Amino acid sequence: MELIQSFSVDHTRIVPGIFTSRVDHLGGYSVTTYDIRLKRPNIEPVIDVAAMHSLEHLIATFLRNDPAWKDEVIYWGPMGCLTGFYLILKGNRAPRELYDLILRAFRSVADAKEVPGTAPENCGRCLMHDLGMAKWYAAEFAAYLEANADHSEIFEYPAAERLVTGDGQHFYDS
Ligand SMILES: [Zn+2]
C-alpha cells in the first residue's frame, strides 16, 4: 500500500501516537519516516532533555537488537521540539504494523539497569542522562498506547496545507 503524504501536519490537533511522516522512494526502495509522538505539541510539557537523551540510547539499542526488526531500522532519534522521536525504516508499512514493536520497545525501558553507551568514548554528552525519568516517560507512553490501541487517531495525523514561507519556500521540519 502506498502511503505518500503530500500534506503537512496540523500540530494543533496532534495526539500522541505512531504516524507516517514521509515516504521517500530511492530507486527501487521505499524508506518511511515515522513520528513516534509522546506529547501533545504546545499543550503538554515536553520530554525532559536528559530523559530524551537516555530514551534515544535505550530504544535505539532495543530496535537495533530486535531479531525481527533490526535489519529494517535505518534511524532512531529525537525530535528537536522534544515531543517525540523519528523512526526511519526500510519499506512502507502502515503505522499500525509498528504498534507491537513500539510498545515492546517502550515497555523494555522498565527493565533497564543502566543506559547503554554513556562512556565518553560512546556519547557526545555522557553526563546528560536520566534513567529514572526515561522509565517514567516510557511507562506513561506504553500505558497510553495500550489504552488507545483501538483508536485510529493514534495512527493517523490530522492534515493541513503545507506551509509556504514568505520567500516562497515549502516548509519542512525533517
Ligand atoms: Zn548520547
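Scroll up to find the structure this text is about.
About the cut-offs
Residues numbered from 1 in each chain as written. Predicted model: local features only at pLDDT ≥ 70, side-chain atom pairs only at ≥ 80, totals over all residues. Heavy atoms only, no water. Donors = N, O, S within 2.8 Å, 3.2 Å for Na, K, Ca; no water. Helix = DSSP H or I, 4+ residues; strand = E, 2+ residues; numbered from the N terminus. Buried < 20%, exposed > 50% of the residue type's maximum accessible area, 1.4 Å probe, protein only. Pairing = 2+ DSSP bridges. Polar contact = N/O pair within 3.5 Å; in protein donor to acceptor, adjacent residues only side chain to side chain. Contact = heavy atoms within 4.5 Å. Axes fitted to C-alpha atoms, helices over the stretch in contact; angles between N-to-C directions. Parallel < 35°, antiparallel > 145°, perpendicular 65-115°, else oblique. Left-handed = near helix turned anticlockwise from the far one by under 90°. Nonpolar A, V, L, I, M, F, W, Y, C, P; charged D, E, K, R; others polar.

Participant: Outline the coordination of the zinc ion, supporting the account with residue identities and numerical values.
Facilitator: At the metal site, the zinc ion is ligated by H53 (NE2), H57 (NE2) and C123 (SG), and these contacts range over 2.1 to 2.3 Å. The sequence pattern formed by the donor residues of the zinc ion is H-x3-H-x65-C. Taken as a pair, H53 in helix 1 (residues 49-63) and C123 in the loop between helix 2 (99-108) and helix 3 (131-147) lie far apart in primary sequence, 70 residues in all. Across the pair, exposure class does not vary: H53 and C123 are buried alike.

Participant: How would you summarise the pairing of strand 5 (residues 84-90) if you had to cite specific residues and measurements?
Facilitator: Counting buried positions along strand 5 yields 6 of 7 residues, so the element is predominantly enclosed. Note that strand 3 (residues 29-37) and strand 5 share 7 bridges and pair antiparallel. Among the inter-strand pairings, Y34 is bridged to a residue of strand 5, identified as L87. Pairing between strand 4 (residues 73-78) and strand 5: 5 bridges, direction antiparallel. Each residue of the ladder has a partner; that of P78, found in strand 5, is F85.

Participant: Lay out the side chain of D35 with the relevant residues and their values.
Facilitator: Inspection of the secondary structure assignment puts D35 in strand 3. D35 sits in the buried class, given a relative accessible area of 5%. Within polar-contact distance, the side chain of D35 engages the side chain of R37 at 3.5 Å. Those residues in contact with D35 that sit more than four places away from it in its chain are G17, I18, F19, S21, M79, F85, Y86 and Y157.

Participant: For the pairing of strand 2 (residues 17-26), give the residues involved together with the corresponding values.
Facilitator: Bridge count between strand 2 and strand 3: 9 bridges; the pairing is antiparallel. For I18, the partnering residue across the bridge sits in strand 3 and is I36. Counting the residues between successive antiparallel strands, the hairpin from strand 2 to strand 3 contains 2 residues, one of them, G27, with a positive phi of roughly 60°.

Participant: Describe in detail helix 2, supporting the description with residues and values.
Facilitator: Residues of helix 2 that are buried include every one of Y99, L101, I102, L103, A105 and F106, and no others. Buried-residue contacts for helix 2 involve strand 2, strand 3, helix 1, strand 4, strand 5 and helix 3.

Participant: Run through the packing of helix 2 against helix 3, naming residues and quoting values.
Facilitator: Two numbers describe a pair of packed helices, the interaxial angle and the distance between the axes. Between helix 2 and helix 3, whose axes approach to 8 Å, the crossing angle comes to 150°. By the angle class used here, helix 2 and helix 3 are roughly antiparallel. Where helix 2 crosses over helix 3, the two elements pack in a sense that is left-handed. Here Y99, I102, L103, F106 and R107 of helix 2 come into contact with helix 3, specifically with A138, A139, F141, A142, A143, L145 and E146. Of the residues contributing to the contact of helix 2 with helix 3, the split by class is 10 nonpolar, no polar and 2 charged.

Participant: Lay out the sheet that holds strand 4 in plain terms, naming residues and giving numbers.
Facilitator: Read from one edge of the open sheet, 4 strands run 2-3-5-4, paired in antiparallel fashion. The strands lining the two open edges of the sheet, one partner per strand, are strand 2 and strand 4. Pairs of neighbouring strands in the sheet enclose a mean axial angle of 15°, with direction left out of account.

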